[in-house]
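The primary structure of each chain is shown beneath.
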Amino acid sequence: MNKVRVLCAIDRLMMQEFSRRTAEGLKDHALFRLLLPAFQSFLDINVRKEVEKDRFAISSAAAAHGAGREPDASDTLRLLQQARDIDQAFLRQAALFPIAISIQYGDIEQIRQRRIQHLLDLAYRLFVQWENTPRLRMAIANIYDREQFRAALYEIFHLYGLETKMLSHSVRIPRVFTPAREKLAQTIYSVMETAAEELVSELTRKVYRRDY
């Protein structure tokens with residue numbers, strides 16, 4: 001079993017479900033009902049970008065474990081640069097939509113760095129424990145109690161939501177929507193937080209159910 005591939009697949013499914021729930025939640029808001037077809041495509045591209053960044057972080061955690069060391073600042077700096085490279089592909093795809101984006105890294109990179117470090121640590125701890133534990137759920141339970149895991153998992157989605165909110169300030173939107181920019185950003189963030197809390201609670205219940 002390729003544990004990196006398994007963990008990356010789980011991450012991809014979680015992030016895709018998170019994006020789907022976010023889009024569903026935005027349907028309750030009139031403005032987003034008008035924009036949703038295009039915005040759904042935008043969310044899909046954005047989450048693919050994030051999944052790719054996560055894949056690099058998970059692979060880096062596995063490589064550090066294989067080398068007999070913990071992830072360090074050099075791993076984080078390399079992943080930050082790789083994230084910028086992934087952003088460029090994202091911007092080329094986003095150019096298909098009637099918006100323009102100029103990413104202000106000074107606004108988002110501190111949040112991005114926190115998410116990278118958090119995911120590196122979580123993945124590394126899983127790889128260490130998983131080495132001597134046959135099942136992933138058992139490995140998780142050996143590292144975290146139920147509330148610790150819920151908090152660790154929630155942090156991944158929370159930081160993604162914060163970065164998305166800050167990224168919205170890099171989007172040049174039609175002038176008619178400019179006065180509502182902050183309200184739009186806050187609405188997206190609020191919906192993402194609700195989606196995160198619900199999804200994390202469901203995933204935590206699945207991990208900590210009694211059967212192994």
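Computed from a predicted structure; not experimentally measured.

Procedures and definitions
Residues numbered from 1 in each chain as written. Predicted model: local features only at pLDDT ≥ 70, side-chain atom pairs only at ≥ 80, totals over all residues. Heavy atoms only, no water. Helix = DSSP H or I, 4+ residues; strand = E, 2+ residues; numbered from the N terminus. Buried < 20%, exposed > 50% of the residue type's maximum accessible area, 1.4 Å probe, protein only. Areas by Shrake-Rupley, 256 points an atom, 1.4 Å probe, with all protein chains shown as cover. Expected span 1.5 Å × (residues − 1). Polar contact = N/O pair within 3.5 Å; in protein donor to acceptor, adjacent residues only side chain to side chain. Contact = heavy atoms within 4.5 Å. Axes fitted to C-alpha atoms, helices over the stretch in contact; angles between N-to-C directions. Parallel < 35°, antiparallel > 145°, perpendicular 65-115°, else oblique. Left-handed = near helix turned anticlockwise from the far one by under 90°. Nonpolar A, V, L, I, M, F, W, Y, C, P; charged D, E, K, R; others polar. Arc of directions from axis to C-beta.

1. Focus: the overall build of the chain
Logical step 1: Assigned secondary structure in the chain consists of seven helices and two strands.
Logical step 2: When the helices and strands of the chain are placed in sequence order, the string is α-α-α-β-α-α-α-β-α.
Logical step 3: Residues classed as buried in the chain amount to 46% of the 212 residues present.
Logical step 4: Accessible surface, the chain as shown: approximately 11100 Å² in total, 54% of it carbon and sulfur.

2. Here's the deal with helix α6 (residues 146–167)
Logical step 1: Compared with an ideal rise of 1.5 Å per residue, which puts 22 residues at 32 Å, α6 spans 32 Å between its outermost C-alpha atoms and is within 8% of the ideal.
Logical step 2: One side-chain oxygen at the N-terminal end of α6 lies 3.2 Å from the backbone nitrogen of glutamate 147; it belongs to aspartate 145.

3. Describing the side chain of lysine 53
Logical step 1: Within the element layout of this structure, lysine 53 appears in helix α2 (residues 30–66).
Logical step 2: You can call lysine 53 buried: its relative accessible area is 9%.
Logical step 3: With near-sequence residues (within four places) excluded, lysine 53 lies in contact with Ala83, Ile86, Asp87, Arg112 and Glu163.

4. A short note on the packing of helix α4 (residues 105–130) against α6
When two helices pack together, their arrangement is captured by the angle between the axes and the distance separating the axes.
Logical step 1: One way to put it is that α4 packs onto α6 with a least axis distance of 9 Å and a crossing angle of 160°. In terms of orientation, α4 lies roughly antiparallel with respect to α6. Classified by chirality, the crossing of α6 by α4 is left-handed. Of the residues in α6, those touching α4 at Asp107, Ile108, Ile111, Arg112, Arg114, Arg115, His118, Leu119 and Leu122 are Ala152, Glu155, Ile156, Leu159, Tyr160, Leu162, Glu163, Met166 and Leu167.
Logical step 2: Its residues assigned to classes, the contact of α4 with α6 comprises 11 nonpolar, one polar and six charged.

5. Focus: helix α5 (residues 136–143)
Logical step 1: Buried residues of α5: Leu136, Arg137, Ala139, Ile140 and Ile143, and no others. Seen end-on, α5 carries its buried residues on one side only, within an arc spanning 160°.

By themselves these figures say nothing about function.
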